[in-house]
Amino acid sequence: MRKKVMAANWKMYKTPDQSRDFFRDFLPLVAGHTRDEIVVCPSFLNIPAALDAAKGSNVAIGAQNVHWKEEGAFTGETSVGQLLAWGVNNVIIGHSERRQYFGETDDTVNLRLKTALEAGFTPICCVGEVLEEREAGMTDDILRRQCVRAFHAISAKKAAKLVVAYEPVWAIGTGKTATPEIAAEAHAVIRKEATEIFGEDFANQLRILYGGSVKPDNVSSLMAQEEIDGALVGGASLDPKSFTAIVKY
Ligand code: PGA
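Being a predicted model, the structure only gives us computed values, none of them experimental.

Asker: What am I meant to see in the nonpolar core here?
Answerer: Note that soluble globular proteins tend to have their nonpolar side chains buried in a common cluster. Phe 23, Phe 26, Leu 113, Phe 151, Leu 162, Tyr 210 and Phe 243 are the most contacted members of the largest nonpolar core, which has 63 residues in total. The element that contributes the greatest number of residues to this core is helix H8 (residues 180-198), accounting for 6 residues. By size, the runner-up hydrophobic cluster in this structure holds 11 residues, among which are Val 5, Val 39, Ile 124 and Cys 126.

In structure tokens form, the structure reads like this:
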């Protein structure tokens, strides 16, 4: 049995005060919930407030990106050391918004992933096709390519903590969720690719999350799929009640 990960991606929302308010309301609602791992990824500036508010709870804090170099002249970037100094060792890598708007490529995803794994992080590596690729019947090829390149030159041993998120770009923030069957099919493609790259034992343990318009009313049917090992939630994670309903589906 793979323990599910229910992760919140807050993107560029909330101030430190709003982050604190969220945890004030959210923590009592999920207190004692151990069935799933819960991770909240605020933007960098909210991380200290979130860590403080979530201290001693069953909720881990993660970042939304990390650079591959230890340090250097990389304006606007954040290093693994800077995150570790705050005690943060969860990170989202290769989110489609990074790929779409900020020039993230399969190669930079690979670099970030290698560094994060090397530093002992639990990375959530995002893959997913855009609408035109799905309509052209290219989904499986795209997912395979993204996995091959993201996992390039990473050993199964090094990748032990890897988590993958399948996030079809056409489902993110659009209210259009992949049906549980569509998601499960894509997860199976990713798991098969992981089998080829890392071996069967690794792939059987690998948690693959689904992301893209996960809401309280569709989460149960998604999580009922054996292939789906959790959720990466954007919009519906901003409200404590709604994220609680998702976590406790
Ligand atoms: P959404 O975002 O839940 O708002 O669709 C998911 C994500 O981008 O991780």
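Here the narrative resumes, following the displayed structure.
Asker: What exactly am I supposed to notice about the site of the ligand here?
Answerer: Of all residues adjacent to the ligand, which total 13 residues, the nearest are Lys 11, His 95, Glu 167, Gly 173 and Ser 213. The separation between an oxygen atom of the ligand and a polar side-chain atom of Glu 167 is 2.8 Å. Within the backbone of Gly 235, a nitrogen or oxygen atom sits 2.9 Å from an oxygen atom of the ligand. Starting from 280 Å² of accessible surface for the ligand in isolation, the protein chains cover 97%. Residue classes in the shell around the ligand are distributed as 4 nonpolar, 7 polar and 2 charged.

Asker: Whenever I open this one, the environment of Ala 194 confuses me. Can you help?
Answerer: Considering the arrangement of structural elements, one finds Ala 194 in helix H8. Residues Ala 194 and Thr 78 lie 116 residues apart in sequence; the distance between their C-alpha atoms is 28 Å. Sequence-distant contacts of Ala 194, that is, excluding residues within four places in its chain, are made with Gly 199, Ala 203 and Leu 206.

Asker: Before we go on, may I ask you to explain H8 in this structure?
Answerer: Side chains of residues three or four places apart in an α-helix project in the same direction, reflecting 3.6 residues per turn. The terminal C-alpha atoms of H8, which comprises 19 residues, lie 26 Å apart, in line with the 27 Å expected from a rise of 1.5 Å per residue. Along H8, the positions that sit buried rather than exposed are Pro 180, Ala 183, Ala 184, Ala 186, His 187, Val 189, Ile 190, Arg 191, Glu 193, Ala 194 and Phe 198. Those residues of H8 that are buried lie in contact with strand S5 (122-127), helix H7 (139-150), strand S6 (163-166), helix H9 (200-205), strand S7 (207-211) and helix H10 (219-223). One or two positions beyond H8, positive phi appears at Gly 199, with a value near 100°.

Thresholds, definitions, all that
- Numbers given for residues are sequential positions, taken from 1 along each chain in its written order.
- Residue-level local features of this predicted model are given only where pLDDT is at least 70; pairs of side-chain atoms are given and counted only at 80 or more, and the full residue set underlies all totals for whole chains, interfaces and linings.
- Side-chain figures throughout are based on the complete set of non-hydrogen atoms in the structure, without hydrogens or water.
- Take the buried Ala, Val, Leu, Ile, Met, Phe, Trp, Tyr and Cys residues and link them wherever side-chain atoms come within 4.5 Å; each set so joined is a nonpolar core.
- When accessible area is computed with a 1.4 Å probe and restricted to protein chains, residues below 20% of their type maximum are described as buried, those above 50% as exposed, and intermediate ones as partly exposed.
- Counting from the N terminus, the helices are the DSSP runs of H or I reaching at least four residues and the strands are the DSSP runs of E reaching at least two.
- Any residue with at least one heavy atom within 4 Å of a molecule or strand is counted as near it.
- Throughout this description, a polar contact denotes any pair of N or O atoms lying within 3.5 Å of each other; where both atoms belong to protein, one of them has to be capable of donating a hydrogen while the other can accept it, and for residues adjacent in sequence the pair is counted only when both atoms sit in side chains.
- Note on areas: Shrake-Rupley with a 1.4 Å probe; residue coverage comes only from the protein chains shown.
- Basically, the charged four are Asp, Glu, Lys and Arg, the nonpolar ten are Ala, Val, Leu, Ile, Met, Phe, Trp, Tyr, Cys and Pro, and anything else, Gly included, counts as polar.
- Here a residue-residue contact requires only that any non-hydrogen atoms of the pair lie within 4.5 Å.
- Every helix has an expected span of 1.5 Å times one less than the residues it contains.

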